Amino acid sequence: MQIPKMARHHTATSSNFKPRSPLLLFLLAFLALTLLFYIFSPSSSSYSSSPHSAGHVISSASSRNLNSVPDYSFVTSLEKFLTKSQRSGVSTEDTVSGTTSKEDARKLDDSIWRNENRRIFDEPFYPAYGSLRVYVYEMPKKFTYDLLWLFHNTYKETSNLTSNGSPVHRLIEQHSIDYWLWADLIAPESERLLKNVVRVHKQEEADLFYIPFFTTISFFLMEKQQCKALYREALKWVMDQPAWNRSEGRDHILPVHHPWSFKSVRKFMKKATWLLPDMDSTGNWYKPGQVYLEKDLILPYVANLDLCDAKCLSASRRTTLLFFRGRLKRNAGGKIRAKLVEELRGADGVSIEEGTAGEEGKAAAQSGMRKSIFCLNPAGDTPSSARLFDAIVSGCIPVIVSDELELPFEGILDYRKIALFVSSSDALQPGWLLSFLKGVRAAQIKELQANLAKYAKHFLYSHPAQPLGPEDLVWRMMAGKLVNIKLHTRRSQRVVKGSRSVCTCECRHPNVTSPGPLS
């Protein structure tokens with residue numbers, strides 16, 4: 001074999017050196033690479049044994065999600081939920097029997113203090129970060145399962161209408177946030193996907209207490225006096241709990257998503273966190289001091305329409321400039337609707353339709369929204385309506401004309417990226433609204449539509465609840481309230497009742513709407 005020049009030179013200067021075989025060098029390099037691959041490979045036993053390793057998380061998630069196809073239909077999900085609960089048998093016993101004393105509340109407070117004190121040392125960011133620990137009351141079934149069965153056994157009676165012509169059972173579906181949250185919280189942990197909230201079974205371990213009373217179903221499907229009696233029973237049951245007496249309900253969560261529900265007794269629970277559709281400030285639905293952003297949480301309606309997915313969005317031909325379908329005459333803050341219709345009716349590129357919910361109404365609204373660039377969202381009897389969320393899942397840019405509107409999860413989501421905001425005074429000026437919409441640049445429209453496709457998942461309730469879905473965002477928002485809840489709970493326990501130091505934290509800044517730049 002011929003030796004290269006450099007090698008020959010080296011051999012001449014060092015008589016003891018013998019060149020190594022290329023095959024030997026290749027084998028040594030291969031063994032070294034194999035060893036490195038084994039050490040750093042995710043499949044190695046030292047790596048995968050760690051509960052925080054990516055391999056472990058992916059494996060666990062895959063096995064957990066294998067049979068977790070979500071249901072987005074309230075009726076379909078409820079059918080499965082009730083069938084499963086019937087097979088397994090549900091507990092109907094009270095969490096606490098009889099009236100509790102101040103001593104019971106004091107003992108619980110001591111237990112909670114010991115648990116919180118331990119967590120302060122063990123968890124470096126407590127209580128600002130980490131999974132929320134929620135205790136779900138096991139209320140008697142007349143407040144929970146019986147009401148779900150009442151809906152289940154009667155929802156096909158679509159002839160049952162409200163005074164304004166809306167199908168009662170469709171309204172219940174729109175406001176069914178109490179079902180979606182409860183179904184997720186009480187599901188076996190192996191079936192749950194959300195990581196930011198954990199159900200605990202000991203009250204002393206809880207950050208928050210969830211009250212699973214179906215206030216909307218009872219309001220719409222029970223006789224008036226029977227419903228009021230049930231409200232009083234639910235109120236007494238909750239107020240008898242030591243956890244309620246300890247904090248006066250400040251760390252309790254009450255779903256009252258329809259503005260008429262629980263109305264006769266909710267003044268007694270005004271310190272709890274309410275889950276609401278909006279914060280009407282006209283005084284028609286909520287009394288002064290009952291609701292405010294620092295205390296309560298706005299949740300989206302359940303959308304009436306199906307999601308316009310990526311395939312639907314790419315196939316949609318949006319030839320209508322502005323679309324609206326709904327009842328044209330409303331009460332209270334919704335009177336602007338009739339004025340807007342008068343201003344817009346007959347204009348080129350505008351489609352205005354009178355209609356209510358129902359299967360035919362759903363089909364017409366879905367078709368109209370998917371053909372339109374902009375969807376008009378004026379105030380109704382209350383500042384909000386399900387129409388906003390119908391527009392979002394349809395890929396139709398909402399044009400919001402509702403000066404008093406508060407929006408769900410606004411501490412997390414920026415609605416300026418998916419909607420246009422117009423003040424009522426501007427919208428009612430002759431020709432102003434259409435001129436404004438026609439002036440929106442094509443690039444801005446494209447950006448808004450792309451963001452709508454990304455945001456839609458935040459408004460789709462499902463079971464099992466999905467990460468970044470509305471149930472997930474509820475607990476992210478509640479985590480932001482937790483420190484303030486604990487502050488006011490502790491403060492209330494030592495401040496002299498009736499003193500000037502008592503603080504409600506109510507804050508009502510004027511809500512002035514302007515279009516604003518798309519930033």
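The residue numbering used here restarts from 1 in each chain and proceeds along that chain's sequence as written. The model is predicted, so local features are restricted to residues of pLDDT at least 70 and side-chain atom pairs to those at 80 or more, both for listing and for counting; the totals for chains, interfaces and linings are taken over all residues. The side-chain numbers reported here are obtained from all heavy atoms of the structure, hydrogens and water having been left aside.

Under an unreviewed UniProt entry, the name given to the protein chain is Exostosin GT47 domain-containing protein, and the organism recorded is Capsicum baccatum. Under the Sequence similarities (unreviewed entry) heading, UniProt states for the protein chain: "Belongs to the glycosyltransferase 47 family." UniProt positions are given in the numbering used here, feature names are shortened, and annotations may be inferred rather than shown by experiment. Of the protein chain, the UniProt comment under Subcellular location (unreviewed entry) reads exactly: "Golgi apparatus membrane".

Undergrad: Just to check I follow, could you spell out the nonpolar core for this structure?
TA: As a rule of thumb, nonpolar side chains are buried together in soluble globular proteins. In this text, buried Ala, Val, Leu, Ile, Met, Phe, Trp, Tyr and Cys residues form a nonpolar core when linked through side-chain atoms within 4.5 Å. Per-residue accessibility, obtained with a 1.4 Å probe over protein chains only, is compared with the maximum for each type, and a residue is labelled buried under 20%, exposed over 50%, and partly exposed between these values. With 130 residues, the main nonpolar core has Phe213, Phe374 and Trp475 as its most contacted residues. Summarising the domain contributions, this core has at least three residues from each of domain 1 (74-82 + 95-298) and domain 2 (310-459). A domain assignment, automatic or from a database, supplies the domain bounds used here.

Undergrad: Would you mind showing me how to read the sheet that holds strand β8 (residues 350-354) here?
TA: The strands making up a sheet associate through hydrogen bonds between their backbones, and the pairing can be parallel or antiparallel. Note on pairing: DSSP must find at least two bridges between two strands before they are called paired. Only DSSP runs of H or I with at least four residues qualify as helices, and only runs of E with at least two residues qualify as strands; both kinds are numbered from the N terminus onward. With parallel pairing, five strands are arranged side by side in an open sheet as β8-β7-β9-β10-β11. Edge positions in the sheet fall to β8 and β11 (420-421), since each of these pairs with one other strand and no more. The pairing of strand β9 (residues 372-378) with strand β10 (residues 397-401) spans five bridges and is parallel. Residue Cys375 lies in a different strand from β10, and its bridge partner there is Pro398. Helix α14 (residues 336-344) contacts β7 (320-326), β8, β9 and β10 of the sheet and is inclined by roughly 145° relative to β9. Throughout, a contact is declared for two residues whenever any of their heavy atoms are within 4.5 Å. Only C-alpha atoms enter the line fits that serve as axes; for helices the fit covers just the stretch in contact. Angles between N-to-C directions range over 0 to 180 degrees. Contacts between helix α15 (residues 359-370) and the sheet are confined to β7, β8 and β9, with β7 contributing the most and set at about 160° to the helix.

Undergrad: I tried to follow empty space enclosed by the protein on my own but got confused; where do I start?
TA: Where empty space is left becomes clear once a probe the size of a water molecule has been rolled over the atoms. Cavities and pockets are defined on a 1 Å grid built over the protein atoms alone: a cavity is a set of grid points where a 1.4 Å probe fits but cannot escape, while a pocket is an open set with protein on both sides within 12 Å along at least five of seven lines, and lining residues are those with an atom within 4 Å of any such point. Grid points are joined across faces, edges and corners, and a volume is the space filled by probe spheres set on the points. For the coordinates displayed, the defined rule picks out four cavities of 30 Å³ or more. Counted as a void, the largest cavity has a volume near 70 Å³. Looking at the largest cavity, the residues that line it are Asn377, Pro378, Pro383, Ser384, Ser385, Leu388, Ile400, Ser402 and Leu405. Residues are sorted three ways: Asp, Glu, Lys and Arg are charged, Ala, Val, Leu, Ile, Met, Phe, Trp, Tyr, Cys and Pro are nonpolar, and all the rest, Gly among them, are polar. Looking at the lining of the largest cavity residue by residue, the classes come out as five nonpolar, four polar and no charged. Of the voids in this model, the second largest cavity is the one considered here, and its volume is about 50 Å³. Lining the second largest cavity, in full, are Arg119, Tyr126, Pro127, Ala128, Tyr129, Gly130, Ser131, Leu132, Asp207, Ala479 and Leu482. When the residues that make up the lining of the second largest cavity are grouped by side-chain class, the tally is seven nonpolar, two polar and two charged.

Undergrad: How do you make sense of the pairing of strand β1 (residues 132-136) when you look at a structure like this?
TA: Successive residues of a regular strand alternate their side chains across the two faces of the sheet. The element β1 is extensively covered by neighbouring structure, given that four of its five residues are classed as buried. Summarising the sheet, β1 and strand β2 (residues 197-200) pair through four bridges and their orientation is parallel. The residue bridging Leu132 from the neighbouring strand is Val197, located in β2. The pairing of β1 with strand β3 (residues 208-210) spans three bridges and is parallel. When the bridges of β3 are listed, Val136 appears paired with Tyr210.

Undergrad: Help me understand the state of the cysteines, please; the structure alone is not making it clear to me.
TA: Linking two cysteines covalently via their sulfur atoms produces the bond known as a disulfide. By disulfide we mean two sulfur atoms from cysteines, separated by a distance within 2.5 Å. Using the criterion set out here, one finds two disulfides in the structure. Each disulfide pairs two cysteine sulfurs, and for Cys308 the partner residue is Cys312, the sulfurs being separated by 1.9 Å. One quick way to see it: the torsion about the S-S bond of Cys308 and Cys312 is about -90°, and its sign makes the bridge left-handed. With relative accessibility at 14%, the residue Cys312 sits in the buried group. Bonded cysteines in the protein chain are paired 1-2, 3-4 when counted in the order they occur along the chain.

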